[in-house]
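Read off the chains here:
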Amino acid sequence: MQNRSKYLRWCLGLLGVSSALFFISTFTIPSLSEWQSPFLSRCFFILMLCFAFCLWRIFRGPTPADRAVAVDTLGILIVGFCAVLSISTGRSWYIDIAIAWALQSFIGALALAKYLEGRGFDE
Amino acid sequence: MNEIIGYAFIIIGLVFDMFGCLGLIRLPDVYNRLQATTKCVTLGTCSILFGTLAIKGFDAIGIKASMCIVFLILTAPVAAHALSRGAHISGVKLWDKSVCDKYEEDKKVNR
């Protein structure tokens, strides 16, 4: 019984990965298509898959430390996403958003670490 | 030529991001997940930003991207180290096949 559920989960994961690869290789975002090259739209979809992994870990994490790690990772990924957006649109204020997001992600991670240690903020 | 170098760096960065998030899903423990995500995702995002610098040259986007690289390299290991220390103090157990725990021994010696 255990063996069968294991095989079933493997088959479901394989189906999910192959459907995600098919989705990445065929689709583009229609509303953004006037400034979007095919390569950069693939970049967007791969980064969105990474976001989905992080959100899954935030949803399922057994301990609060797992969720803190996933939030920190999500912040660093959004910096890369803003960099790809600034290449494809050619506007420089996306990189400003990336710098500000990196700053607030760092401060948020330090605050979460303090909270996990169980100390107050003024010690 | 610059665009080819930049796109190559962006592809390397995307592969590193992908493997880091796969490690976040698949590894068994908080500390293993932290090790996978911090190294892979930091290096991957810095590689994407370096690709941006290589494509755009030294205009507004490139200079801001280089500033962002320096900031990420300085701050991401600090945040990861603080998170792992907080997780260990809050009492998260290691994986049962882990080999050694130097921080726990150190706390016992100093007590």
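Preceding this paragraph is the structure being described.
Summary of the structure given here. (Residues numbered from 1 in each chain as written. Chains lettered and ligands numbered in written order. Predicted model: local features only at pLDDT ≥ 70, side-chain atom pairs only at ≥ 80, totals over all residues.)

Turning our eyes to something else, we now look at the overall build of chain B. When you go through chain B residue by residue, the secondary structure sums to four helices and zero strands. Moving toward the C terminus, one meets the helices and strands of chain B in the order α-α-α-α. For 111 residues, the compact-globule estimate of 2.2 N^0.38 gives 13 Å, and the C-alpha radius of gyration of chain B, at 18 Å, exceeds that figure by more than 25%. In chain B, which comprises 111 residues, the share counted as buried stands at 43%. Long-range pairs, those at least 24 residues apart, make up 63% of the contacts in chain B with a sequence separation of at least 6. (Helix = DSSP H or I, 4+ residues; strand = E, 2+ residues; numbered from the N terminus. Rg over C-alpha atoms; globule rule 2.2 N^0.38 Å. Buried ≥ 20, exposed ≤ 12 C-beta atoms within 10 Å, placed from the backbone. Contact = placed C-beta atoms within 7 Å.)

Before going further, it helps to examine the environment of B:Ile69. Relative to the helices and strands, B:Ile69 is located in helix α3 (residues 60-89). Between the alpha carbons of B:Ile69 and B:Asp59 there is a distance of 16 Å; along the sequence they are 10 residues apart.

As a packed pair, helix α2 (residues 38-60) of chain A and helix α1 (residues 2-26) of chain B sit with axes 9 Å apart at the nearest point and diverge in direction by 20°. Here α2(A) lies roughly parallel to α1(B), going by the angle between them. Considering only the axes of α2(A) and α1(B), their crossing is left-handed. Where α2(A) approaches α1(B), its residues A:Phe39, A:Cys43, A:Ile46, A:Leu47, A:Cys50, A:Phe53, A:Cys54, A:Trp56 and A:Arg57 are matched on the opposing element by B:Tyr7, B:Ile10, B:Leu14, B:Asp17, B:Met18, B:Cys21, B:Leu22, B:Leu24 and B:Ile25. Taken together, the residues of the contact of α2(A) with α1(B) break down into 16 nonpolar, no polar and two charged. (Axes fitted to C-alpha atoms, helices over the stretch in contact; angles between N-to-C directions. Parallel < 35°, antiparallel > 145°, perpendicular 65-115°, else oblique. Left-handed = near helix turned anticlockwise from the far one by under 90°. Nonpolar A, V, L, I, M, F, W, Y, C, P; charged D, E, K, R; others polar.)

Time to look at the nonpolar core. Core analysis: the biggest nonpolar cluster contains 56 residues, and A:Ala83, B:Leu49, B:Cys68 and B:Leu83 have the highest contact counts within it. Of all elements in the fold, only α2, α3 (64-89) and α4 (93-117) of chain A together with α1, α2 (30-56) and α3 of chain B reach the threshold of two or more residues within this core. The element contributing the most residues to this core is α3(A), with 13 residues. (Core = buried A, V, L, I, M, F, W, Y, C linked by C-beta atoms within 7 Å.)

Before going further, it helps to spend a moment on α4(A). Residue pairs three or four apart in sequence face the same way in an α-helix, which turns once every 3.6 residues. Taking 1.5 Å per residue as the helical rise, α4(A) with its 25 residues ought to reach 36 Å, and the 36 Å between its terminal C-alpha atoms agrees with that figure. Turning to α4(A), its buried residues number three or more, namely A:Tyr94, A:Ile95, A:Ala98, A:Ala102, A:Ser105, A:Phe106, A:Ala109, A:Leu112, A:Ala113 and A:Leu116. At its buried positions, α4(A) is contacted by α3 of chain A together with α3 of chain B. A positive phi of about 85° marks A:Gly118, the residue just after α4(A). (Expected span 1.5 Å × (residues − 1).)

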